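Each chain, written out:
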Amino acid sequence: MAKQKPTLIIVESPTKAKTISKFVGPGFIVKSSMGHIRDLPKRQLGIDVDKNFEPKYVVPLKAKTTVSTLKKDAAKAGRVVLATDEDREGEAIAWHLAQALGLANKPVKKRKTKIKSDAEADVAPEESRVERITFDEITKKAILKALESPRAINQQLVDAQQARRVLDRLVGYKLSPLLWRKISKGLSAGRVQSVALRFVVDRERERAAFKPEEYWTIGALLATTEAGVAQYESQEKESKELPEGVFEAKLVKVGEKKLEKFDIPNDAESKKIAGTLEGASWTVATVHEKQMKRNPMPPFTTSTLQQTAGRKFGFSSAQTMRLAQILYEGVDLGEAGSTGLITYMRTDSVNLSEESLEGARAFIEGAYGTPYVEGAPRRYTTKSRLAQEAHEAIRPTDPARAPDSLAAHLEPRALKLYDLIWRRFIASQMPPAKFLETVVAVSANDCLFEARGLVKQFDGWQRVYPSKSKETLLPKLAANETLHLAKLNQEQHFTEPPPRYTEASLIKTLEENGIGRPSTYAPTLSIVQTRGYVAKDERKAFMPTEIGYAVNDLLAEHFPLTIDAQFTAKMEEDLDRVAAGDVAWQSVIGEFYGPFAKTLAEKQETITKMIETTEEICEKCGKPMIIRMSRFGKFLACSGFP
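Residues numbered from 1 in each chain as written. Predicted model: local features only at pLDDT ≥ 70, side-chain atom pairs only at ≥ 80, totals over all residues. Heavy atoms only, no water.

Q: Just checking my understanding: could you explain the overall build of the protein for this structure?
A: In terms of helices and strands, the protein carries 17 helices and 22 strands. Expressed as a percentage of the 642 residues in the protein, the buried residues total 50%. Pairs at least 24 residues apart make up 72% of the contacts formed inside the protein by residues separated by at least 6 positions. For the protein, the accessible area works out to roughly 32,000 Å², and carbon and sulfur atoms hold 51% of it. Across the protein, the mean location of the 96 positive side-chain charges is 7 Å away from that of the 85 negative side-chain charges. (Helix = DSSP H or I, 4+ residues; strand = E, 2+ residues; numbered from the N terminus. Buried < 20%, exposed > 50% of the residue type's maximum accessible area, 1.4 Å probe, protein only. Contact = heavy atoms within 4.5 Å. Areas by Shrake-Rupley, 256 points an atom, 1.4 Å probe, with all protein chains shown as cover. Lys, Arg positive; Asp, Glu negative; His and termini not counted. Charge placed at Lys NZ, Arg CZ, Asp CG, Glu CD.)

So this is what it looks like as structure tokens:
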């Protein structure tokens, strides 16, 4: 009997290959493509705009050896399974692999693949030599299940990725030379990065134009007894803690008028109100108590993970994604071998599998007891209409794998990130935290003050995922009870300018505006920094550089659509329509490129005339000197220098 040919599985990274190899046994060979193996050429446009935007793909020099090796492996294989990531980028890598290796992309029927431990694989007769599989997590169960249900490469997803790549190449290669001519060599313009830069520039100008507005607040420190007043006065300068029986109430109403933020605009008005309170009798008007619940947050998506890791640990978005990639692809756990610890980390969905919900409930009951098990599994829905609901949220592959058990196998930053993901997921399946809120109204002459107390009665999900819920204790009070004034505080305030964007808040803004996708946030933020368009202040917030202002203003004046948030968001929707098969990718590009090319032609001469000339002459060639710009500022350059 002829020897069974092995099945070749191709993934992107060596780590992923190592992890999957452990699951599939000797009937399979698992190899890595080392990422993309084809792309548009580096030093030319690589797109024939006259032939329906036909892209010219090449195999980069660094990938030639890999392609050659994979071709030999594919020739020896009975089946070739492309197991690249489940998003559009992964689908495109699978398609490029099929093209580069000369593999057919034919529909395949569902097959059953039985993997026997330390034995050959029994494979049904092949209907096609190339198959595509996807999975949310790199675990044995997920891989074997995926191998039972292969499919053809989804050309619609490939086209959506091609459209994005072609679109970005057209914008970058057509616009960038104009930036070089007017501003500085080496600059680039991109759809998403230009919008991100605009947000940063607009915010900085908003801050510069900001004028602080004054307002005042009045608060009263009240005691239930005169002895409490005396105790407060004796320790006022020594301790910030209020003595027992002393609490603070804020002025909320004068006469029939409920106070708004700016209703006490200055010192004179504050003193006028304070004057009416001299010698006043302070009395509890009402006491209201109510139960409050705070529900857990949903598990992480790409953007919420990047935002939270940035706020909690100071991780950049790029750093967060690098660590998440390690956790996803597999970590060596000693005797257990290489194991994927989290599900796929590029997702905009908060869906959770039934298996993960059952695993979470079992773990919670065992670790924390029945009171911490929610009545029914919590299922979350994504608010964004563009989210890919077929994907899962970012979660641990095994809910029972607590962070403490991984301390010896993960470097500190990766452990921090896993701990964060694990806690957020487990907490998402726990009961609400319960609080008792007390609202006390205190009358004094014609004024009404209000004090609020908050006491946690049951920690619920906060047992696992602590949240900032500051408890405020109030003394036991009753309506008509007489109180004693310990101190009247009049405080001056000024409105603050809007804060600069941090990585977290900029990602949130991009997502809220429908700009970019989970895979683009980190690269976008990296580009605007490496190009020198933005810098970070002492608080790690973004501020535009001089060159960033110049690039933004040039695009705003001559190519406003490239930095328009709504237009860019519509382009994302159009790419989603391509992925859904509703429109051909070439028509989306054509609709954009026609007006863009016309504007580009019109602006070529205009921008050339905008170059700042000087009366200085180049001492080497005699041509006039012009003003150029670098990330370090303006400088003189020869107009004849290429």
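Q: Where do I start with the pairing of strand 1 (residues 7–11) in this structure?
A: Two faces, one strand: in a regular strand the side chains alternate between the faces of the sheet. Of all five residues making up strand 1, five are buried, and the element is well covered by its neighbours. Residues T7, I9 and V11 of strand 1 are buried on one face, and the alternating residues L8 and I10, pointing to the opposite face, are buried as well. Alignment of strand 1 against strand 5 (residues 79–82), held across four bridges, turns out to be parallel. From the neighbouring strand, L8 faces strand 5, where its bridge partner is V80. Taken together, the five bridges between strand 1 and strand 2 (residues 28–32) define a ladder with parallel strand orientation. Residue pairing in the sheet places I10 in a bridge with K31 of strand 2. (Pairing = 2+ DSSP bridges.)

Q: Where do I start with the environment of E471 in this structure?
A: Mapped onto the elements, E471 comes out in the loop between strand 16 (447–458) and strand 17 (482–494). Given the relative accessible area of 40%, E471 is considered partly exposed. With 34 residues separating them along the chain, E471 and E437 place their C-alpha atoms 9.6 Å apart. Those residues in contact with E471 that sit more than four places away from it in its chain are L454, V455 and K456. At 2.8 Å, the side chain of E471 forms a polar contact with the backbone nitrogen of K456. (Polar contact = N/O pair within 3.5 Å; in protein donor to acceptor, adjacent residues only side chain to side chain.)

Q: What is the right way to read helix 8 (residues 267–276) from this model?
A: Because each turn of an α-helix spans 3.6 residues, side chains separated by three or four positions end up pointing in the same direction. Looking only at helix 8, the buried set comprises S270, I273 and A274. Looking straight down helix 8, one finds that the buried residues subtend no more than 100° of arc, so they occupy a single side. Residues of helix 8 that are exposed and point over 90 degrees away from its buried face: A268, K271 and K272. For helix 8, the elements touching its buried residues are strand 9 (214–223), strand 10 (246–254), strand 16 and strand 17. Capping of helix 8 at its N-terminal end is provided by N266; its side-chain oxygen lies 3.3 Å from the backbone amide nitrogen of A268. (Arc of directions from axis to C-beta.)

Q: I tried to follow the confidence of the model for the protein on my own but got confused; where do I start?
A: Atomic detail in the predicted coordinates should be set aside for any region of low pLDDT. On average, the protein scores 90 in pLDDT, and the residues at 70 or more come to 92%. Across residues 107–128 the pLDDT falls below 50, and counting only partners more than four positions away or on other chains, this stretch makes 52 contacts in the model. (pLDDT = per-residue confidence, 0-100.)

Q: Would you explain unusual backbone geometry in this entry?
A: Negative phi values dominate among residues other than glycine, just as trans dominates among peptide bonds. Notably, F53 is not glycine yet its phi reads approximately 60°, a positive angle. Within the fold, F53 resides in the loop between strand 3 (47–48) and strand 4 (54–55). Residues other than glycine seldom take positive phi values, yet N480 does so here, at roughly 75°. Position of N480 relative to the elements: it lies in the loop between strand 16 and strand 17. A relative accessible area of 64% means that N480 is categorised as exposed.

Q: Looking at this model, I keep getting lost on the side chain of R378. Mind explaining?
A: Relative to the helices and strands, R378 resides in the loop between helix 11 (354–368) and helix 12 (412–428). Assessed through its relative accessible area of 16%, R378 is described here as buried. There is a polar contact of 2.7 Å between the side chain of R378 and the side chain of E374. Here M430 takes part through its backbone oxygen, which lies 3.3 Å from a polar atom of the side chain of R378. Beyond its immediate chain neighbours, meaning those up to four positions away, R378 contacts N295, P296, L352, L357, S428, Q429, M430, P431 and P432.

Q: Could you clarify how one ought to interpret the packing of helix 6 (residues 191–209) against helix 13 (residues 503–512) in this entry?
A: Angle between the axes and distance between the axes: these two values describe a pair of packed helices. Direction vectors running N to C along helix 6 and helix 13 enclose 120°, while the axes themselves pass 11 Å from each other. In terms of axis orientation, helix 6 runs oblique to helix 13. Relative to helix 13, the crossing made by helix 6 is right-handed. Here A196, F199 and V200 of helix 6 lie close against helix 13, whose contacting residues are L506, T509 and L510. Residue composition of the contact of helix 6 with helix 13, grouped by class: five nonpolar, one polar and no charged. (Axes fitted to C-alpha atoms, helices over the stretch in contact; angles between N-to-C directions. Parallel < 35°, antiparallel > 145°, perpendicular 65-115°, else oblique. Left-handed = near helix turned anticlockwise from the far one by under 90°. Nonpolar A, V, L, I, M, F, W, Y, C, P; charged D, E, K, R; others polar.)

Q: I tried to follow the packing of aromatic side chains on my own but got confused; where do I start?
A: The geometry of two aromatic rings is summed up by the distance between their centres and the angle between their planes. Per the stated rule, a full pass over the model turns up 15 aromatic pairs. Measuring from centroid to centroid gives 6.3 Å for F559 and F596, while their planes differ by 50°, and the two rings are tilted. Taken together, the residues F559 in the loop between helix 15 (546–558) and helix 16 (565–579) and F596 in helix 17 (residues 585–609) connect sequence positions 37 residues apart. Accessibility assignment for this pair places F559 and F596 in one class, buried. (Phe/Tyr/Trp six-rings, centres within 6.5 Å; stacked < 30°, edge-to-face > 60°.)

Q: What's the story with the nonpolar core in this structure? I'm lost.
A: For soluble globular proteins, the rule of thumb is that nonpolar side chains tend to be buried together. In this structure, L82, L175 and L506 are the most contacted members of the largest nonpolar core, which totals 78 residues. The contact partners of L175, leaving out residues within four places of it in the chain, are L170, A189, L555, F559, T562, F596 and L600. Formed by 62 residues, the second largest nonpolar core is a distinct cluster that contains I143, L323, Y344 and I364. (Core = buried A, V, L, I, M, F, W, Y, C linked by side-chain atoms within 4.5 Å.)

Q: Teacher, can you tell me more about the packing of helix 3 (residues 88–100) against helix 5 (residues 155–182) here?
A: One can describe the packing of helix 3 onto helix 5 by two numbers: an axis separation of 8 Å at closest approach and a directional angle of 105°. Comparing their axes, helix 5 and helix 3 come out roughly perpendicular. Facing helix 3, whose interface residues are R88, E89, E91, A92 and W95, helix 5 presents Q155, L157, V158, A160, Q161 and Q162.

Q: Even after reading the chapter, I still don't get the pattern of salt bridges, so can you show me in this structure?
A: For the coordinates displayed, the defined rule picks out 33 salt bridges. Across the pair D263 and K257 runs a salt bridge whose closest N-O atoms are separated by 3.5 Å. Note that K290 and E437 form a salt bridge whose closest N and O atoms lie 3.7 Å from each other. Residue K290 is located in strand 12 (residues 282–294), and its partner E437 is located in strand 15 (residues 433–444); the two are separated by 147 residues in the primary sequence. Its relative accessible area of 49% is what places K290 among the partly exposed residues. (Salt bridge = Lys/Arg side-chain N within 4 Å of Asp/Glu carboxyl O.)

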